[in-house]
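Structural features, examined
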Amino acid sequence: MPTITGIEVISLEHVMKPGEGYGNARGINHRRGSSIVSLTTSDGVVGLGEAQGPLRIIAEYVKLIAPHFIGRSLFNFSIIATELRNRLYHFGAQGHFISALGGINIAVYDAIGRTHGVAVHDLIGGCASENLACYATTGYFTDNPKVGIAEQMSRFDLDDFVGVKIKIGAGIASDVARVQAARKAIGDSKLLMVDYNGNYTVDVALESLRKIEKFNILFCEEPLPPADIQGYAELRMRSPIRVGAGEAHYAVGDFKRLIEARAIDIAEPSLTGGGGFDEMKAAALYAMTNNVRIAVSCWGGAIALNAALHFAASLPVWPHTANAPYPLMVEYDCGDNPLRDRIVTNPIRPSQGKIAVPKSFGLGIELDAGAVARYRV
C-alpha cells in the first residue's frame, strides 16, 4: 500500500509587459500565478495538483497541512482532510485553506492514477464523453485601449468554441457596449455569456441584465459578491437572464447554500479553488439532485485545465438523455497564459467546439522541466 512521503509547492508566475495586462471589472492583472502541488509516494510516483490563490498564502497553507499527510496511505485523503477540517475548524470551510487541501486532493488522484495505470476520470466516476463542449473566456478589460473585444477575439478561431464569455460590470453603458461588440464579433449562432466578477449590487445587476437581454445571453456569471446568497436568490427571481455562480465559492457547503436558496440556474464548480475532486463531485451531485445545471469553471494553469476535463467527463448528463438543450461546457481562458500552454510538453487545445479528455494515466500531464524552472519564483 503506497504511502505519501513528500508534498511540496512549486510556485510559478508570469509577469506581463506594460500594456499587456488584462482583467475584469474589479481591476487589471499584470501577473498570472500557479501553485503546483507535487506529491511523492513511497513507490516513487509523483502526482501533481494545483491550488488557486496568492502564491505565498497557498505555499504557507500547504506547508502547514502537509505534515499530516506524510506517512499516511495514499488512499486516506478524505479521512485526513476531515481530521484537519475538524481540528482547524477556526480556518473555516472556505478560502485558501480549502484551496490548498484541494490542490493536494488533485495530486492524490493523479498519483493513484499513475500508480495503477488509470485515468483520473475513471477513478472518480467514469467517462461520459471523450470530447467536451468548450467555451472561450475572452473580452477582458485591458490596460491598452487598442485591445478591445473585437481585437481579442481575432486572436483565436471562433470555430474552436461553442460560445464565448466576456467580462462586463464596469457600468450599465459599458455593459451594453461590450455585449453589443461581442455579439457583433461572434454572430448570432454562437452562445454568449457575461461575467460581472461580483461587482454589482442587486439593483444595478438587474438594471444591467434588463439592458443586455436583447443580445441573447445564455447566462450571467457572478453578478453579485459570493457571500450575498439572499441577493442571488432575489436577483434570480427577477432576472431575465439565467444566473450562474460557483467559481468564487468553496466546498460543498457554499454550493448547498446557493442551491437550497434556489439562487442560481447554473452551478460552476472550480476544482482548484473549491476543494478538489471529492469536494466538487459532492457539489455537482447536490446540484444534479436539485435539478440545477452545471458548467465547469477553469481558471489557472495546465493542471487546472486537465483536472477540469477529467472532472467534467466524469459527470453524467442530467437530467437529459438524447435531447440536451445545452451541452455541459468547460471554460477555456483565451488570455495569454504560458503557465498553461508552455509548462507542459502535451498542452491540450480546443478544436471545432470540442476539447478532448486526456486518456493517459492520472491527469495526463507531462511537465516541461525547463519551462517550469523559467517561471518558478
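Our subject in this report is the structure included herewith. For every chain, the first residue of the written sequence is number 1, and numbering continues from 1 onward in sequence order. A pLDDT threshold of at least 70 governs which residues receive local features in this predicted model, and a stricter bar of 80 or more applies before side-chain atom pairs are shown or counted, although totals over entire chains, interfaces and linings include all residues. As a convention, hydrogens and water are excluded, and side-chain values are obtained from all of the structure's heavy atoms.

Buried means the residue's accessible area, taken with a 1.4 Å probe over protein chains only, is under 20% of the maximum for its type, while exposed means over 50%, and partly exposed covers the values in between. Every helix listed is a DSSP run of H or I at least four residues long, and every strand listed is a run of E at least two residues long, numbered separately from the N terminus. Every buried residue belonging to helix 7 (residues 202-212) is among Val-202, Ala-205, Leu-206, Ser-208, Leu-209 and Ile-212, and all of these are buried. Viewed along the axis of helix 7, the buried residues span an arc of 165°, placing them on a single side of the element. Helix 7 presents Asp-203 and Arg-210 as exposed residues on the side facing more than 90 degrees away from its buried surface. Any two residues having at least one pair of non-hydrogen atoms within 4.5 Å are treated as being in contact. Residues of helix 7 that are buried sit in contact with helix 6 (172-186), strand 9 (191-195), strand 10 (219-221) and helix 8 (229-238). What the arc describes is the spread of directions from the helix axis to the C-beta atoms.

The subject of this paragraph is the nonpolar core. What tends to happen in soluble globular proteins is that the nonpolar side chains get buried as a cluster. Throughout this description, the term nonpolar core refers to a set of buried Ala, Val, Leu, Ile, Met, Phe, Trp, Tyr and Cys residues connected via side-chain atoms within 4.5 Å. Counting 83 residues, the largest nonpolar core has Val-179, Val-194, Ile-212, Phe-277 and Ile-343 as the members making the most contacts within it. Ranked by residue count, the leading element in this core is helix 12 (residues 302-313), at ten residues. Apart from the residues lying within four places of it in its own chain, the contact partners of Ile-212 are Ile-168, Asp-175, Val-176, Val-179, Val-194, Tyr-196, Ile-217 and Ile-241. Counting 29 residues, the second largest nonpolar core, distinct from the first, contains Ile-65, Ala-66, Phe-69 and Ala-111.

To continue, consider the packing of aromatic side chains. Pairing of aromatic side chains requires ring centres within 6.5 Å, counting the rings of Phe and Tyr and the six-membered ring of Trp. Pairs whose planes differ by under 30 degrees are stacked, by over 60 edge-to-face, and all others tilted. Here the structure, examined in full by the defined rule, presents ten aromatic pairs. Between Phe-91 and Phe-97 the ring centres are 5.3 Å apart and the planes differ by 85°, which places this aromatic pair in the edge-to-face class. Residue class for Phe-97 comes out buried when judged on its relative accessible area of 1%. Between the aromatic rings of Tyr-109 and Phe-277, the centroid separation amounts to 5.5 Å while the plane-to-plane angle is 80°, which identifies the pairing as edge-to-face. Of the two residues, Tyr-109 is situated in helix 3 (residues 96-116) and Phe-277 in helix 11 (residues 276-289); the sequence distance between them amounts to 168 residues. Taking relative accessible area as the criterion, Tyr-109 reaches 15% and is therefore assigned buried.

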